[in-house]
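Residue-level structural notes
Chain residues, written in single-letter form:
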Amino acid sequence: MISQLNPDVALVDIGLPDLDGIELTQRIKQSSAVKVLILTMHKSEDSVLAAFAAGADSYALKDINFEDLLQAIQITYEGNTWIDPAIARIVLQKARQSYPIPHTSENSPRVEIESITPDVQKLIDIYPLTEREMNVLELIVAGCNNAQIAEKLYITVGTVKTHVRNILNKLSVDDRTQAAVRALRSGLVG
């Protein structure tokens, strides 16, 4: 069907009855430009890493709410990666293993963020993350969604969204996953 219909995004389950979803993902990515969003109940480290190794663009669990699923499809369609917060920790731990975090002194007031361009680095130096933004970023890295962050920090979801938007702008990234990866790689969050 995929070769006939040539969709923009294919939703693929890992546990298909007649075919392995990981193998299907590999075949799709080798033979077309179709983006693959894994939609499954499998959240083991092996399943998650195998899916991304096969070329999956995004990964969502089947208990995802409808609005988040629509957002995941849109983000995947736009060429970005969407990772379900429930499995984000697995991906981030793997990134941590692949890219060791530089150690900083305990007395260091700020941690330098490795940026793509000197202009972005200047922006981060001029507009460092506030203490509250750091709290929000740490919870993003821990895989919390906006409602969970709001509950843990005793603030509204709207306030969380504002902090997330500020974090994305200051770190010069497009989404929460990129912010978490940049925070881990730079040592901003350990």
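Read on for a plain summary of the structure. (Residues numbered from 1 in each chain as written. Predicted model: local features only at pLDDT ≥ 70, side-chain atom pairs only at ≥ 80, totals over all residues. Heavy atoms only, no water.)

With that out of the way, let us pick up the overall build of the protein. Across its full length, the protein holds ten helices and three strands. Tracing the protein from N to C terminus, the helices and strands come up as α-β-α-β-α-β-α-α-α-α-α-α-α. Per-residue burial for the protein yields a buried fraction of 41% across its 190 residues. Taking all contacts inside the protein whose residues are at least 6 apart in sequence as the whole, residues at least 24 apart take part in 57%. Surface summary for the protein: the accessible area is close to 11200 Å², and the carbon and sulfur share equals 50%. (Helix = DSSP H or I, 4+ residues; strand = E, 2+ residues; numbered from the N terminus. Buried < 20%, exposed > 50% of the residue type's maximum accessible area, 1.4 Å probe, protein only. Contact = heavy atoms within 4.5 Å. Areas by Shrake-Rupley, 256 points an atom, 1.4 Å probe, with all protein chains shown as cover.)

With that settled, consider the nonpolar core. Core analysis: the biggest nonpolar cluster contains 26 residues, and Leu-137, Ile-149 and Leu-171 have the highest contact counts within it. Those elements giving two or more residues to this core turn out to be α7 (131-141), α8 (146-153), α9 (157-171) and α10 (176-186). No other element matches α7, which puts six residues into this core. Within the second largest apolar cluster, 20 residues are counted, among which are Ile-14, Val-34, Val-36 and Ala-54. (Core = buried A, V, L, I, M, F, W, Y, C linked by side-chain atoms within 4.5 Å.)

Below, the discussion takes up the layout of surface pockets. A volume near 850 Å³ is recorded for the largest pocket. Lining the largest pocket are 33 residues, with Gln-71, Trp-82, Pro-85, Asn-145 and Arg-176 positioned closest to its centre. Counting residues per element, the ones that place at least two in the lining of the largest pocket are α4 (66-77), α5 (85-98), α8, α9 and α10. The biggest single contributor to the lining of the largest pocket is α9, with five residues. (1 Å grid on protein atoms, 1.4 Å probe; cavity = no way out; pocket = protein on both sides within 12 Å on 5 of 7 lines; lining within 4 Å. Points joined across faces, edges and corners; volume = space filled by probe spheres on them.)

Time to look at the sheet that holds strand β2 (residues 35-40). Taken in spatial order, the three strands make up an open sheet running β1-β2-β3, and their pairing is parallel. Each having just a single partner strand, β1 (9-12) and β3 (58-61) make up the two edges of the open sheet. On average, each strand axis in the sheet is tilted by 25 degrees relative to the strand beside it, whichever way the strands run. Sheet topology places β1 next to β2; four bridges connect them, and they run parallel. Opposite Ala-10, over in β2, you have Val-36 as the bridge partner. Along the sheet face, α4 touches β1, β2 and β3 and points at about 155 degrees away from the line of β2. (Pairing = 2+ DSSP bridges. Axes fitted to C-alpha atoms, helices over the stretch in contact; angles between N-to-C directions.)

Turning to the side chain of Asn-146, a few remarks are in order. Structurally, Asn-146 can be placed in helix α8. The exposure class of Asn-146 is buried, given its relative accessible area of 19%. Other than its neighbours up to four places away in sequence, Asn-146 contacts Val-157, Val-160, Lys-161, Val-164 and Arg-176.

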